[in-house]
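Analysis of the macromolecular model
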Amino acid sequence: QVQLVESGGGLVQAGGSLRLSCAASGRAFGSYTMGWFRQAPGKEREFVATINWSGASTYYADSVKGRFTISRDKAKNTTYLQMNSLKPEDTAVYYCAASRTIGVVTTASRYNYWGPGTQVTVSS
């Protein structure tokens, strides 16, 4: 069992930056693929970024590529999402998720554990 808790969300102006953190508790965190998803009001949850168990492989949605960076610190059981050059369309609730599937995982249904989410609001 893995428990996930996100933090770091908030209100920021367009062009600004935020760093989200996802603290994990439970066994074998280091073996999970980690991902970030987001859901804006009235829209479906969408994939943002993923990182494999070692941290060596990452993959991003086209909408955030070059602006967001996912990373993980296995010693701290924490996954991060550094978000730069934020745009109003990045406004959403951001969710951290853990998957037992090895490799790049972009589909929400393949994630086994989810955090409660953290709100990110980007003003224009």
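Everything that follows concerns the structure shown earlier in this document.
Reference entry: report on the structure contained in this document. Please read these numbers as outputs of a predicted model, since none were measured by experiment.

Rules of the game
Residues numbered from 1 in each chain as written. Predicted model: local features only at pLDDT ≥ 70, side-chain atom pairs only at ≥ 80, totals over all residues. Heavy atoms only, no water. Core = buried A, V, L, I, M, F, W, Y, C linked by side-chain atoms within 4.5 Å. Buried < 20%, exposed > 50% of the residue type's maximum accessible area, 1.4 Å probe, protein only. Helix = DSSP H or I, 4+ residues; strand = E, 2+ residues; numbered from the N terminus. Contact = heavy atoms within 4.5 Å. Salt bridge = Lys/Arg side-chain N within 4 Å of Asp/Glu carboxyl O.

1. Digging into the nonpolar core
One broad trend across soluble globular proteins is that nonpolar side chains are buried collectively. Counting residues in hydrophobic clusters, the biggest one holds 35 residues, and the most contacted among them are Leu4, Met34, Trp36, Leu81, Met83 and Tyr94. Elements that contribute at least two residues to this core include exactly β1 (2–7), β3 (18–26), β4 (33–39), β5 (46–51), β7 (68–73), β8 (78–83), β9 (92–99) and β11 (118–123). In terms of residue count, the dominant contributor to this core is β9 (five residues). Excluding anything up to four places from it in sequence, leucine 81 contacts Leu18, Arg19, Leu20, Trp36, Val48, Ala49, Phe68, Thr69, Ile70 and Tyr94.

2. Observations concerning unusual backbone geometry
Positive phi outside glycine occurs at asparagine 77, with the angle close to 55°. With a phi angle near 50°, serine 85 is a residue other than glycine that sits in the positive phi range. With respect to the helices and strands, serine 85 occurs in the loop between β8 and β9.

3. Considerations on the pattern of salt bridges
Enumeration according to the criterion identifies four salt bridges in this entry. A salt bridge links aspartate 90 to arginine 38; its shortest N-O distance comes to 2.9 Å. Pair noted here: aspartate 90 is in the loop between β8 and β9 and arginine 38 is in strand β4, with a separation of 52 residues, a long-range link. Comparing aspartate 90 with arginine 38, the two get one shared label, buried. Between lysine 65 and aspartate 62 there is a salt bridge; the shortest N-O distance is 3.1 Å. Given a relative accessible area of 66%, aspartate 62 falls into the exposed group. Each member of the salt-bridge network shares a partner with another, and the members are Arg38, Glu46, Arg67 and Asp90.

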